[in-house]
Amino acid sequence: MKIVLVGYGNVATILGERMKSAGHEIIQVIGRDEARARQLAQQLGAEGSANWKELKGKMDLYLVAIADRALPDLAGLMQLQDELVVHTAGAVEGNVLAPISSSYGVFYPLQSLRDHQPKTRSIPVLLEANTGEGLALLQQLARSMDSPYQMADGEQRLRMHLSAVWVNNFSNYLFSVAYQLCRENYLEFSLLQPLIQETIARIDSGDPFRFQTGPAMRGDAPTMEKHLALMEGHPQWQELYRQLSGLIREAVDTSKPV
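This is a predicted model, so every value here is computed, not measured.

What counts as what
- Residues numbered from 1 in each chain as written.
- Predicted model: local features only at pLDDT ≥ 70, side-chain atom pairs only at ≥ 80, totals over all residues.
- Heavy atoms only, no water.
- Axes fitted to C-alpha atoms, helices over the stretch in contact; angles between N-to-C directions.
- Helix = DSSP H or I, 4+ residues; strand = E, 2+ residues; numbered from the N terminus.
- Parallel < 35°, antiparallel > 145°, perpendicular 65-115°, else oblique.
- Left-handed = near helix turned anticlockwise from the far one by under 90°.
- Contact = heavy atoms within 4.5 Å.
- Nonpolar A, V, L, I, M, F, W, Y, C, P; charged D, E, K, R; others polar.
- Salt bridge = Lys/Arg side-chain N within 4 Å of Asp/Glu carboxyl O.
- Buried < 20%, exposed > 50% of the residue type's maximum accessible area, 1.4 Å probe, protein only.
- Polar contact = N/O pair within 3.5 Å; in protein donor to acceptor, adjacent residues only side chain to side chain.
- Pairing = 2+ DSSP bridges.
- Phe/Tyr/Trp six-rings, centres within 6.5 Å; stacked < 30°, edge-to-face > 60°.
- Core = buried A, V, L, I, M, F, W, Y, C linked by side-chain atoms within 4.5 Å.

## Overview of the packing of helix 1 (residues 10-21) against helix 2 (residues 34-44)
Okay, so step 1: Their axes nearest at 10 Å, the elements helix 1 and helix 2 cross at an angle of 20°. Between helix 1 and helix 2, the crossing angle belongs to the class labelled roughly parallel. For the element pair helix 1 and helix 2, the recorded crossing hand is right-handed. Between helix 1 and helix 2, the residues in contact are A12, T13, G16, E17 and K20 and L40, Q43 and L44, respectively.
Okay, so step 2: Looking at the contact of helix 1 with helix 2, its residues break down into three nonpolar, three polar and two charged.

Here it is as structure tokens:
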């Protein structure tokens, strides 16, 4: 495929590299900052520009990887005919691109893409297109990149985006809390990494609550009180600990984890 990337951030960079490795040709990188557009274009063997009048026409795919809030303004910068244009946002409807082209959709990477390729090397994607031809092309692209994929409409994608916040953003914050606790007490956070890896390794397609452990699961109130006392200087962490422990206990008592 001949592809134009709109944007030059982490998502555009990593997806662009994956697409090129899969045998596709990145023809152009375009965005508001010419230096950054040219830098990514050089990496991908493409042309770089900040001049929207230089936007290449008649490409197989235009992949838009920019900030969500900037998507509605894109119609004032680029106009296509029936070429397929897709964005990569999890929480924005695909039809935000309808003023740009009669063929539009979404190629949402369900992965944390920041600074480098993900360690897992896997980038699942959720696909949406307003035409059968467009959807077939996105499926072909996903397969060529060895990306597991599922078709999903806007509401499904938003719900998956919410789920991703729980498993990635919130869990990472909890890791950060543990890191700070270790640092305050001159303990090595690295010693927790095997535990983190074991927890992740236990998760399969079933309900992770099956593997829930810990003092809240056991109803071990004395241990929980000791933990709370250790966080006396962090009332927000204490409250979060209470809330999460309460939810775990409620799930145990009602046998309804969700």
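Next comes the rest of the account.
## So, the pattern of salt bridges
Okay, so step 1: Summed over all chains, the structure comprises ten salt bridges.
Okay, so step 2: E155 is paired through a salt bridge with R159; the nearest N and O atoms lie 3.0 Å apart. With E155 and R159 both in helix 4 (residues 154-184) and four residues apart, the pair spans about one turn of that helix.
Okay, so step 3: Accessibility expressed as a relative area gives 55% for R159, which makes it exposed.

## Here we look at the side chain of Q28
Okay, so step 1: Considering the arrangement of structural elements, one finds Q28 in strand 2 (residues 25-30).
Okay, so step 2: Using a relative accessible area of 1% as the deciding quantity, one classes Q28 as buried.
Okay, so step 3: A distance of 3.0 Å separates a polar side-chain atom of Q28 from the backbone oxygen of E54.

## Quick look at the sheet that holds strand 2
Okay, so step 1: Strand order in this open sheet of eight strands is 3-2-1-4-5-6-7-8, and the pairing throughout is mixed. Each of the sheet's edge strands pairs with one partner strand only, and the pair in question is strand 3 (47-49) and strand 8 (149-151). Averaged over all pairs of adjacent strands, the angle between strand axes in this sheet comes to 25°, irrespective of strand direction.
Okay, so step 2: As judged from the three bridges shared by strand 2 and strand 3, these two strands associate in the parallel manner. Counted as the bridge partner of I30 is S49 from strand 3.

## Some thoughts on the packing of aromatic side chains
Okay, so step 1: Under the counting rule described, the total for this entry stands at two aromatic pairs.
Okay, so step 2: For the ring pair W166 and F170, a centre distance of 4.9 Å and an interplane angle of 90° mean the geometry is edge-to-face. Residue W166 and its partner F170 are both found in helix 4; the two are separated by four residues, about one turn of the helix.
Okay, so step 3: Of the residues examined, W166 reaches a relative accessible area of 54% and is grouped as exposed.

## Looking at unusual backbone geometry
Okay, so step 1: Positive phi, close to 60°, is recorded for K58, a residue that is not glycine.
Okay, so step 2: Position of K58 relative to the elements: it lies in the loop between strand 3 and strand 4 (61-64).
Okay, so step 3: By relative accessible area, K58 is classed as exposed at 59%.
Okay, so step 4: Located in the positive-phi region is Y186, a residue other than glycine, with phi close to 55°.
Okay, so step 5: Its relative accessible area of 79% is what places Y186 among the exposed residues.

## A look at the nonpolar core
Okay, so step 1: By size, the foremost hydrophobic cluster in this structure holds 29 residues, and its most contacted members are V29 and F107.
Okay, so step 2: If you list the elements that add at least two residues to this core, you get strand 1 (2-6), helix 1, strand 2, helix 2, strand 4, strand 5 (84-87), strand 7 (125-129) and helix 3 (132-144).
Okay, so step 3: Excluding residues that lie within four positions of it along the chain, V29 makes contacts with L5, G7, Y8, A37, L40, A41, L44, E47, G48 and S49.

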